[in-house]
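Observations on chain architecture
So you can see what is in the structure, the chains are spelled out below.
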2 protein chains.
Amino acid sequence: MSNRQSSMARDIEATPRIVARQALELEEALERLVRRLRRESPDLVVTCARGSSAHAATFAKHLIERYVGLPVAEAAPSIASVYQRTLRLSGKLVLAISQSGNSDDLIAFASHAKGAGALTVAVTNETASPLAAACEFVLPVGAGPERSIAATKTFVATAAALLRLVCAWVEDPNLLNAVRRLPDRLALASRLDWSRASEVLSNSTRLATIGRGPTLGMVREAALKLKETCNLHTEAFSGAEFLHGPIALVRRNYPILLFIPTDAAAAGMRQLCSDLDAKGATLLIADTIATVGIALPVLPAEQPEADALCLLQSFYLMVVALGDRLGVDIDKPPHLQKITRTT
Amino acid sequence: MSNRQSSMARDIEATPRIVARQALELEEALERLVRRLRRESPDLVVTCARGSSAHAATFAKHLIERYVGLPVAEAAPSIASVYQRTLRLSGKLVLAISQSGNSDDLIAFASHAKGAGALTVAVTNETASPLAAACEFVLPVGAGPERSIAATKTFVATAAALLRLVCAWVEDPNLLNAVRRLPDRLALASRLDWSRASEVLSNSTRLATIGRGPTLGMVREAALKLKETCNLHTEAFSGAEFLHGPIALVRRNYPILLFIPTDAAAAGMRQLCSDLDAKGATLLIADTIATVGIALPVLPAEQPEADALCLLQSFYLMVVALGDRLGVDIDKPPHLQKITRTT
């Protein structure tokens, strides 16, 4: 059986269409939320999420800090769910992000935050979920039913919804244009051939993924996907963090997958590529102008955050092919259910 | 050559003494800072750190959210250093944490934050460093010169300084007592025999470390230490996060090191231990009452955050022994210098 007929592959292929349809579904909810944000002007955003959604939260942190200029904190949900402590969150914006809207710890955090006077927003694919009920606002991700256990289209759709939120909030013309073009760009990214990556990774037992700025959330998501579906021990790092210790792991032929952002962080990442190449690592580099290592094809640069999402779309399809090479069924990750409930 | 004579081993052995001496060194600086905190009462704390110091920041996040009730954000230093964006941080407390005080990205973030009206504090072992100069307040960690490249005593001393900060801030009698007893407890923890762990890990190529609440920062630090000194691919997770995907990695005999906190998070962690045991994982469990897996000896429970630090002290000494079993020189991690400068 080939993974090309898997639920995961069908989800990935549906993503561009889903993201296109999302515009309409989100419009009204976004308008109301942004009106409120302008009136209350919160000075802090707190994201609350687990798993793939936590990587969407990493993406949101970068987006909001970069374009809105507000600090973003990632919640430790246990503060509410285990320690029963309510934080001082009056007037702050809380984004609770969850595909299923069903994790008890996120619900507890959102409820505590609402009780403390925060403006609470559920970003979820299930608008009838307990998380949606616990929040004042709901942003429907609109990805439709996801049959694959490992999230892909809900991740991209969630990240796209967060991009739309920031876009509506700051009305940056480049962002607006990028959001409009995102479905077409995702479709183009689906056609890029990353088989060089699946070739290398089918002979690996562990690897590092490295990103920075808009690609940090993407490489975290990539690492989780390789763990879940292909039993590949993959850890994600920011380019800067990798130098503060983990680089000690690098040996000759050590495989590293790098997502180079199409913005000011590219220069440092390319310097890192050269350094890692000199140490003999096997580099898989998604970049518009890779000069060392194995170059993975990417779309021409347009707008950094949307470009980062397109890298992930190409990556997801590579995972399908990698599953075939490894002879694993990517629809059956061991020990996992579609909805993970944690306290 | 045995690692027992290494710089790293001597640093670890000096730690209890260093932490005892720190009380005096920090007293005045802490008093002035706490006076200011009471006057200005910031509603957000932002930590800014890399490497081991970032794990101390994780510990600080838990401490501050749990005992002070303020949300804590971990800064992405690139926002200032790469993207030149100044965040809205007026009146917020920024804790820039760095052993050497020499990383350009942290200095850039602290300078931007100070310019934006934040109350900036350098928590550093080098009070004459550029980071200390960039901040309004300096909390001297007082660890003395650290000769080992992999940080150990500066990590514990930094975490202890952050514990003292929260202690002075909230004046909780249990915390005060725990801080007072910490040097003696660290000395006792140094004598616990974790050789069962070094035995198992000397036959492993990769593992996961899992903690929650006060032990999350500790298992992150533990994972980095195993990467740096023993070339062991080790990734750290929160107990809840592990269930959202990474658990797919677990196979029979997969090694997992768990630090069980001595607080309300213990119940969930023990449930996780039972589940992982049922899946056939090889569990190394630091807990007062481990019922499955291999039990590592720990001190009787006293106060959760101080107890968590004691686990790490026992762990560090285990790493020295593990280095001997593996025949590696733990003072010579590949590709690393004592001071890592990143932009």
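What counts as what
Residues numbered from 1 in each chain as written. Chains lettered and ligands numbered in written order. Predicted model: local features only at pLDDT ≥ 70, side-chain atom pairs only at ≥ 80, totals over all residues. Heavy atoms only, no water. Helix = DSSP H or I, 4+ residues; strand = E, 2+ residues; numbered from the N terminus. Rg over C-alpha atoms; globule rule 2.2 N^0.38 Å. Buried < 20%, exposed > 50% of the residue type's maximum accessible area, 1.4 Å probe, protein only. Least-squares fit on C-alpha atoms with pLDDT ≥ 70 in both. Domains from an automatic or database assignment. Contact = heavy atoms within 4.5 Å. Buried area = accessible area lost by both parts, 1.4 Å probe. Salt bridge = Lys/Arg side-chain N within 4 Å of Asp/Glu carboxyl O. Polar contact = N/O pair within 3.5 Å; in protein donor to acceptor, adjacent residues only side chain to side chain. Axes fitted to C-alpha atoms, helices over the stretch in contact; angles between N-to-C directions. Parallel < 35°, antiparallel > 145°, perpendicular 65-115°, else oblique. Left-handed = near helix turned anticlockwise from the far one by under 90°. Nonpolar A, V, L, I, M, F, W, Y, C, P; charged D, E, K, R; others polar. Right-handed = clockwise from strand over helix to strand, strands pointing away. Pairing = 2+ DSSP bridges. Expected span 1.5 Å × (residues − 1). Phe/Tyr/Trp six-rings, centres within 6.5 Å; stacked < 30°, edge-to-face > 60°. Lys NZ or Arg CZ within 6 Å of the ring centre and 35° of its normal.

Let's shift gears to the overall build of chain A. When helices and strands are tallied, chain A shows 12 helices and 10 strands. The C-alpha radius of gyration computed for chain A amounts to 19 Å, which stays within 12% of the reference 20 Å derived for 343 residues, consistent with globular compactness. Projecting the C-alpha coordinates of chain A onto the three principal axes gives extents of approximately 55 × 40 × 40 Å. Sorting the 343 residues of chain A into buried and exposed places 67% on the buried side.

Here chain B sits on chain A after a turn of 180 degrees about the axis and a move of 0.0 Å along it, with an RMSD of 0.0 Å. Expressed as a symmetry operation, the mapping of one chain copy onto the other fits a two-fold axis. Across chain B, the smallest distance between a C-alpha and the rotation axis is recorded for A73 of chain B, namely 2.0 Å.

Residue and element names in this part refer to chain A. Domains assigned within chain A are domain 1 (3-183) and domain 2 (188-326). Taking only C-alpha atoms into account, the centre of domain 1 sits 25 Å from that of domain 2. Taken together, the contact pairs 29 residues of domain 1 with 27 residues of domain 2. Taking both partners together, domain 1 and domain 2 bury about 2300 Å²; carbon and sulfur atoms supply 66% of that area. Counting the contacts that link domain 1 with domain 2 gives 1 salt bridge. Between R181 and E302 there is a salt bridge, with its nearest N and O atoms 2.6 Å apart. Linking domain 1 with domain 2 are 11 residue pairs in polar contact (both at pLDDT 80 or more). If you list the elements that add at least two residues to the side of domain 1 that touches domain 2, you get α1 (7-40), α2 (51-67), α6 (153-170) and α7 (173-189).

Packed helices, taken two at a time, are described by the angle their axes make and the gap between the axes. Residues and elements named next belong to chain B. At their nearest, the axes of helix α9 (residues 216-230) and helix α12 (residues 304-326) sit 10 Å apart, and the two run at 15 degrees to each other. In this view, α9 runs roughly parallel relative to α12, as classed from their interaxial angle. The interaxial crossing formed by α9 with α12 has right-handed handedness. Here M218, E221, A222, K225, L226, T229 and C230 of α9 lie close against α12, whose contacting residues are A308, L309, L312, F315, Y316, V319, L322, G323 and L326.

To continue, consider the interface of chain B and chain A. Between chain B and chain A, the contact holds 72 residues from the first and 71 residues from the second. When chain B packs against chain A, close to 5700 Å² is buried across both sides, 58% of that on carbon and sulfur atoms. Of all residues in chain B, Y83, R88 and H244 of chain B give up the largest surface area on contact with chain A, accounting jointly for 13% of the area buried on that side. K227 of chain A serves as the salt-bridge partner of E235 of chain B, at 2.9 Å between the closest nitrogen and oxygen. Linking chain B with chain A are 24 residue pairs in polar contact (both at pLDDT 80 or more), by the criterion used here. Counting residues per element, the side of chain B that touches chain A draws most heavily on helix α2 (residues 51-68) of chain B, at 8 residues. In the side of chain B that touches chain A, the residues fall into 34 nonpolar, 19 polar and 19 charged.

Our next topic: the pairing of strand β1 (residues 45-48) of chain A. Residues and elements named next belong to chain A. The alternating pattern of β1 places V45 and T47 and V46 and C48 on opposite faces, both of which are buried. Between β1 and its parallel partner strand β2 (residues 72-74), the chain crosses via α2, and the hand of that crossover is right-handed. Across 4 bridges, the pairing between β1 and strand β3 (residues 93-98) is parallel. Bridge pairing in β3 places V45 opposite L93.

In this section: the pairing of strand β4 (residues 119-124) of chain A. Residue and element names in this part refer to chain A. For β4, the buried fraction is high: 6 of the 6 residues fall into the buried class. Residue alternation in β4 divides its side chains into two sets, L119, V121 and V123 and T120, A122 and T124, and both sets are buried. As defined by bridge partners, β3 adjoins β4 across 6 bridges and the pair is classed as parallel. Note on β4: the bridge partner recorded for V94 is T120. Running through helix α4 (residues 104-115), the crossover from β3 to the neighbouring parallel element β4 is right-handed. Pairing of β4 with strand β5 (residues 137-140), which is carried by 4 bridges, proceeds in the parallel orientation.

According to the stated counting rule, one finds 36 salt bridges over all chains in the structure shown. A salt bridge links R185 of chain A to E302 of chain A; the nearest nitrogen and oxygen atoms lie 3.6 Å apart. Placement of the pair is R185 of chain A in helix α7 and E302 of chain A in the loop between β10 (294-296) and α12 (304-326), with a sequence separation of 117 residues. Each of D43 and K92 of chain A together with D43 and K92 of chain B takes part in one network of salt bridges that share partners.

Attention shifts here to helix α9 (residues 216-230) of chain A. Residues and elements named next belong to chain A. Its 15 residues give α9 an end-to-end C-alpha distance of 21 Å, which sits within 8% of 21 Å, the value for a rise of 1.5 Å per residue. A large share of α9 lies buried, amounting to 14 of its 15 residues. N231 lies just past α9 and shows a positive phi near 55 degrees.

This part takes up α2 of chain B. All names here are of chain B. For α2, built from 18 residues, the straight-helix expectation of 26 Å at 1.5 Å per residue is met to within 8% by its first-to-last C-alpha distance of 25 Å. Of all 18 residues in α2, 17 are buried, a share of seventy percent or more. Of the residues flanking the end of α2, it is G69, one or two places downstream, whose phi is positive at about 80 degrees.

Turning our eyes to something else, we now look at the side chain of S52 of chain A. Residues and elements named next belong to chain A. With respect to the element layout, S52 can be found in helix α2. Here S52 falls in the buried class, since its relative accessible area comes to 12%. A distance of 2.8 Å separates the side chain of S52 from the side chain of E221, its partner in a polar contact. Each residue touching S52, except ones within four places of it in the same chain, is listed here: A151, F155, E221, L224 and K225.

Bringing the side chain of T234 of chain B into the picture now. Tracing the backbone shows T234 of chain B in strand β7 (residues 233-238). For T234 of chain B, a relative accessible area of 0% puts it in the buried group. Among all residues touching T234 of chain B, those that are not within four sequence positions of it are E235 of chain A together with L207, T209, A223, L226 and K227 of chain B.

The subject of this paragraph is the packing of aromatic side chains. Counted under the stated rule, the structure contains 8 aromatic pairs over all chains. Taking 6.2 Å as the distance between ring centres and 70 degrees as the angle between the ring planes, the aromatic pair formed by F259 of chain B and F315 of chain B counts as edge-to-face. Here the residue F259 of chain B occupies a position in strand β8 (residues 255-259), and F315 of chain B occupies one in helix α12, the gap between them amounting to 56 residues. Judged by relative accessible area, F259 of chain B falls into the buried class, the value being 0%. Among the aromatic residues, ring-to-ring pairing joins W194, F259, F315 and Y316 of chain A into one connected group. R66 of chain A extends its terminal NZ or CZ atom over the ring of Y67 of chain A, reaching a point 5.3 Å from the ring centre.

Take the environment of E171 of chain A next. Residues and elements named next belong to chain A. Note that E171 resides in the loop between α6 and α7. According to the relative accessible area criterion, E171 is exposed, its value standing at 55%. Excluding its chain neighbours within four sequence positions, the residues that come into contact with E171 are R38, V166 and L176.

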